[in-house]
Amino acid sequence: MREATASAHANIAIAKYWGKADEAANLPAVPSVSMTLAALTTTTTVRFDASLGEDELILDGNVVQGKALHRVTALLDRVRARAGSSERAHVLTSNDFPTASGLASSASAFAALALAATAAAGLQVVAGEVSDLARRSSASAARSVLGGFVRLASAERGADFLAAEQVAPAGHWDVRVVIGVNAEGAKSVGSTDGMLHTQRTSPYYAAWVSLCPGLAKAVEEAIASRDIEALGEAAEHSALAMHASAMAAAPGVVYFNAATMACLQTVRELRRDGVPAYATMDAGPHVKVITLPEHVGVVDERMRATAGLVRTIVSKLGGPAVVRVSSAGP
Ligand code: DP6
């Protein structure tokens, strides 16, 4: 028996993915660019075992069944098909941040699972193949396979391969992210459901899709020239436009709460005071603030003083997903 343990970091999209070109193949309709976050890590061990009747999933010490287990089995089925095996797997996974905080990330989860599962199955794969495998489960997970600044292109319906690519390694530019965790983290509409509903019913979805290539290009240029103002402005524009398209769906998908708005206000006040601080929000109420190392102290302090904020997590950029293989008993 072989087992493999992989770790992958969460990532935060600077240019957001929101919308699918093909739902069944999980191909994004828009290009996205992200930063891999060192402070949020999922570690997953996969062991294929001929004696198991079904896949087993243990998350942070609890047995998980239902939809989450089905998504794991779907990824493992792809690995089994490729390895020519029918062995079920035991999957043990944990996050180094509270799962119930609403930061629980399908990105780090499926990146770690794809890497651990391919290694445990003895498949010889390169990072692009792991990224493509992770992308089929959750498109943002494709980006968490790589470190630093990462791009995932959009795709046409019918494409049979799409992997994320590194734009620049973490060492290229020391950007920091202050993650503001606010109270009602775990209760939002999931990102898959939220984006599908947006693309089916929002009159602003087409405008969003046409905006994205330009924003992704602006983000990549800002990374190349280490221009925090250009990066931050594109990041805020992408996040607010994504949320505006979701809010215009019928019925509207609203991820913001009062603390989200208060944090956005704080970020604008910081900028007024000359501090480079830019906000981005995913499918939840938390505000993540992009800044530079010398400004982390003041950004963190002002975020913590914002009404409704529970705590902050400060992150540097992280490296790629990593894996270790070992033989397991008996
Ligand atoms: C708002 O990758 O979770 O975080 O592919 O359906 O699993 P699926 O969606 P997912 O969506 C992430 C959306 C986002 C923006 C982003 O990370 O780019």
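Check the entry above for the structure.
Residues numbered from 1 in each chain as written. Predicted model: local features only at pLDDT ≥ 70, side-chain atom pairs only at ≥ 80, totals over all residues. Heavy atoms only, no water.

Novice: What am I meant to see in the site of the ligand here?
Specialist: Lining the immediate surroundings of the ligand are 19 residues, of which Y17, K20, S140, S191 and T192 lie closest. Here an oxygen atom of the ligand sits 3.5 Å away from a polar atom, N or O, in the side chain of S106. Considered on its own, the ligand offers 460 Å² of accessible surface; in the complex 94% of this is hidden by protein. Its residues placed into classes, the shell around the ligand shows seven nonpolar, seven polar and five charged. (Near = heavy atom within 4 Å. Polar contact = N/O pair within 3.5 Å; in protein donor to acceptor, adjacent residues only side chain to side chain. Areas by Shrake-Rupley, 256 points an atom, 1.4 Å probe, with all protein chains shown as cover. Nonpolar A, V, L, I, M, F, W, Y, C, P; charged D, E, K, R; others polar.)

Novice: What is the right way to read the side chain of S32 from this model?
Specialist: One can find S32 in strand β4 (residues 32-49). The class of S32 is buried, set by a relative accessible area of 1%. Among the polar contacts listed, one links the side chain of S32 to the side chain of R143, at a separation of 2.8 Å. Those residues in contact with S32 that lie beyond four places of it in its chain are A15, K16, Y17, R143, V150, R151 and L152. (Helix = DSSP H or I, 4+ residues; strand = E, 2+ residues; numbered from the N terminus. Buried < 20%, exposed > 50% of the residue type's maximum accessible area, 1.4 Å probe, protein only. Contact = heavy atoms within 4.5 Å.)

Novice: Honestly, the packing of helix α1 (residues 67-83) against helix α3 (residues 127-137) in this entry has me stumped. Any pointers?
Specialist: When two helices pack together, you describe them by how their axes are tilted relative to each other and by the distance separating the axes. Viewed as axis vectors pointing N to C, α1 and α3 meet at an angle of 145°, and their least axial separation amounts to 9 Å. The handedness of the crossing between α1 and α3 comes out as right-handed. Touching R71, L75, R78, V79 and R82 of α1 are E129, L133, R136 and S137, all from α3. When grouped by side-chain class, the residues that make up the contact of α1 with α3 number three nonpolar, one polar and five charged. (Axes fitted to C-alpha atoms, helices over the stretch in contact; angles between N-to-C directions. Left-handed = near helix turned anticlockwise from the far one by under 90°.)

Novice: What is the right way to look at the pattern of salt bridges in this model?
Specialist: Side-chain pairs of opposite charge can arise whenever the charged atoms involved come near each other. Enumeration over the complete set of coordinates arrives at 18 salt bridges. The salt bridge partner of R47 is E3, with a shortest N-O separation of 3.8 Å. One end of the pair, R47, is in strand β4; the other, E3, is in strand β1 (residues 2-15), with 44 residues separating them in the sequence. Among the residues examined, R47 registers a relative accessible area of 23% and is labelled partly exposed. Linking D282 and K288 is a salt bridge whose minimum nitrogen-to-oxygen distance equals 3.3 Å. Residue classification places D282 among the partly exposed residues on the basis of a relative accessible area of 22%. By sharing partners, the salt bridges in this structure join D55, D77, R80 and R88 into a single network. (Salt bridge = Lys/Arg side-chain N within 4 Å of Asp/Glu carboxyl O.)

Novice: Could you clarify how one ought to interpret the environment of S105 in this entry?
Specialist: Of note, S105 is situated in the loop between β7 (88-95) and α2 (106-120). When the C-alpha atoms of S105 and N11 are compared, they prove to be 8.5 Å apart, with 94 residues separating the residues in sequence. With residues near it in sequence (within four places) discarded, S105 still touches A10 and F97.

Novice: Whenever I open this one, helix α9 (residues 296-304) confuses me. Can you help?
Specialist: The periodicity of an α-helix, 3.6 residues per turn, causes residues three or four positions apart to be oriented the same way. Listed in full, the buried residues belonging to α9 are V296, V299, D300 and M303. For α9, the angular spread of buried residues about the axis comes to 95°, placing them on one side. (Arc of directions from axis to C-beta.)

Interpretation in functional terms is not warranted from these geometric data alone.
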